[in-house]
Amino acid sequence: MDVTSKITRNGYLLKKGKINTSWKCRWCVLTGSKLAYFKNEMINRKPLGFIPLDQAVVRSCVEDVGKDFCFEVVTKDRVYKLSAGSHQEMVDWMVALQPCTQLHAENDLFKEAERNIRAGSQKHFESFEQTTHYPLRYR
């Protein structure tokens, strides 16, 4: 697998297993809308797995999992628990992952639409104030 040309971020994270729920150190590689994880930095081999990000939510862990700097990638099939080596590393991973999610992209569209609506209604309100003649005490 040649992902080296499309890598957005890579580094070691602890990942909690699905069946064997112990924490394993994994080399993680973010490319496009997938987070691949490997046993080590030899990414020319087949990854152990992928976390699909296209319909995921990235958030801080909502429950105490016994690890510091923990965050989750929530997909329709599973909640992936990951732990970084420091708070800053956790933040950096979350910032890198969020733009890769479909929900984040849709949220950005909603925010832009909301800004446009607010800007339009502000202009409408200002023009209404200019054309309406209120007594000075009501201005």
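Use the structure listed above.
Right, let's walk through the structure included here. Keep in mind that this is a model prediction, so the values were computed, not measured.

### Looking at the state of the cysteines
Here, the word disulfide means a covalent bond between the sulfur atoms of two cysteines.
At step 1: Tallying each qualifying case throughout the model produces 1 disulfide.
At step 2: A disulfide bridge connects Cys61 with Cys70, and the sulfur atoms are separated by 2.2 Å.
At step 3: No disulfide involves Cys28; its nearest neighbouring cysteine sulfur is the one of Cys25, lying 8.4 Å away.
At step 4: Judged by relative accessible area, Cys28 falls into the buried class, the value being 1%.

### Observations regarding the pairing of strand 6 (residues 70–74)
At step 1: For strand 6, the buried fraction is high: 5 of the 5 residues fall into the buried class.
At step 2: Judged by which residues are buried, strand 6 turns out to be covered on both faces: Cys70, Glu72 and Val74 on one side and Phe71 and Val73 on the other are all buried.
At step 3: Two strands pair when backbone bridges link them, and strand 5 (residues 57–60) and strand 6 are joined in this way by 4 bridges, in the antiparallel orientation. Bridge pairing in strand 6 places Val57 opposite Val74.
At step 4: Across 5 bridges, the pairing between strand 6 and strand 7 (residues 79–83) is antiparallel. Within strand 7, the position partnered with Glu72 by the bridge is Lys81.
At step 5: In textbook terms, the turn of a hairpin is the stretch between consecutive antiparallel strands, and for strand 6 and strand 7 this stretch comprises 4 residues.

### Looking at the pairing of strand 2 (residues 23–31)
At step 1: By the criterion of burial, strand 2 is predominantly enclosed, with 7 of the 9 residues buried.
At step 2: With 9 bridges joining them, strand 1 (residues 7–16) and strand 2 adopt antiparallel strand pairing. Counted as the bridge partner of Arg9 is Leu30 from strand 2.
At step 3: As paired strands, strand 2 and strand 3 (residues 34–38) are joined by 5 bridges and run antiparallel to one another. In the strand pairing of strand 3, Thr31 is matched with Lys34.
At step 4: Between the end of strand 2 and the start of strand 3, which pair antiparallel, lie 2 residues, with Gly32 showing a positive phi angle near 60 degrees.

### Let's talk about the sheet that holds strand 2
At step 1: The 7 strands are arranged 4-3-2-1-7-6-5 in an open sheet whose pairing can be described as antiparallel. Edge positions in the sheet fall to strand 4 (49–52) and strand 5, since each has one partner strand and no second. Sheet twist, expressed as the mean angle between neighbouring strand axes with direction ignored, is 35 degrees.
At step 2: The sheet strands contacting helix 1 (residues 87–97) are strand 1, strand 2, strand 3, strand 5 and strand 6, and the helix crosses strand 1 at an angle near 120 degrees.

### Focus: the environment of Asp54
At step 1: Counting through the fold element by element, Asp54 comes out in the loop between strand 4 and strand 5.
At step 2: Counting along the chain gives 46 residues from Asp54 to Cys100, while the straight-line C-alpha distance between them is 6.6 Å.

### Brief notes about the nonpolar core
Soluble, globular proteins show a tendency: their nonpolar side chains are buried together.
At step 1: Leu35, Phe71, Val73 and Leu97 are the most contacted members of the largest nonpolar core, which has 20 residues in total.
At step 2: Counting residues per element, the ones that place at least two in this core are strand 2, strand 3, strand 6, strand 7 and helix 1.
At step 3: With sequence-adjacent residues up to four places away left out, Leu35 is seen in contact with Cys28, Val29, Leu30, Gly49, Phe50, Ile51, Leu53, Leu82, Trp93 and Leu97.

Conventions adopted
- Here the residue numbers are simple positions, counted from 1 along each chain's written sequence.
- Side-chain atom pairs in this predicted model are given and counted only at pLDDT of 80 or more, local residue features only at pLDDT of at least 70, and totals for whole chains, interfaces and linings cover all residues.
- Remark: hydrogens and water are excluded; side-chain values derive from all non-hydrogen atoms of the structure.
- Sulfur atoms of two cysteines make up a disulfide when they are within 2.5 Å.
- Think of it in three bands: with a 1.4 Å probe and only protein chains considered, a residue is buried below 20% of the maximum accessible area for its type, exposed above 50%, and partly exposed in between.
- Runs of E in the DSSP output that reach at least two residues are strands. Runs of H or I that reach at least four are helices, and both are numbered from the N terminus.
- Pairs of strands are assigned from DSSP output, requiring at least two bridges between the strands.
- An axis is simply a line fitted to the C-alpha atoms; with a helix, the fit covers only the stretch in contact. Between two such axes, the angle follows the N-to-C directions and lies from 0 to 180 degrees.
- Pairs of residues are marked as contacts when any of their non-hydrogen atoms sit within 4.5 Å.
- The set of buried Ala, Val, Leu, Ile, Met, Phe, Trp, Tyr and Cys residues whose side-chain atoms join them within 4.5 Å is what this entry labels a nonpolar core.

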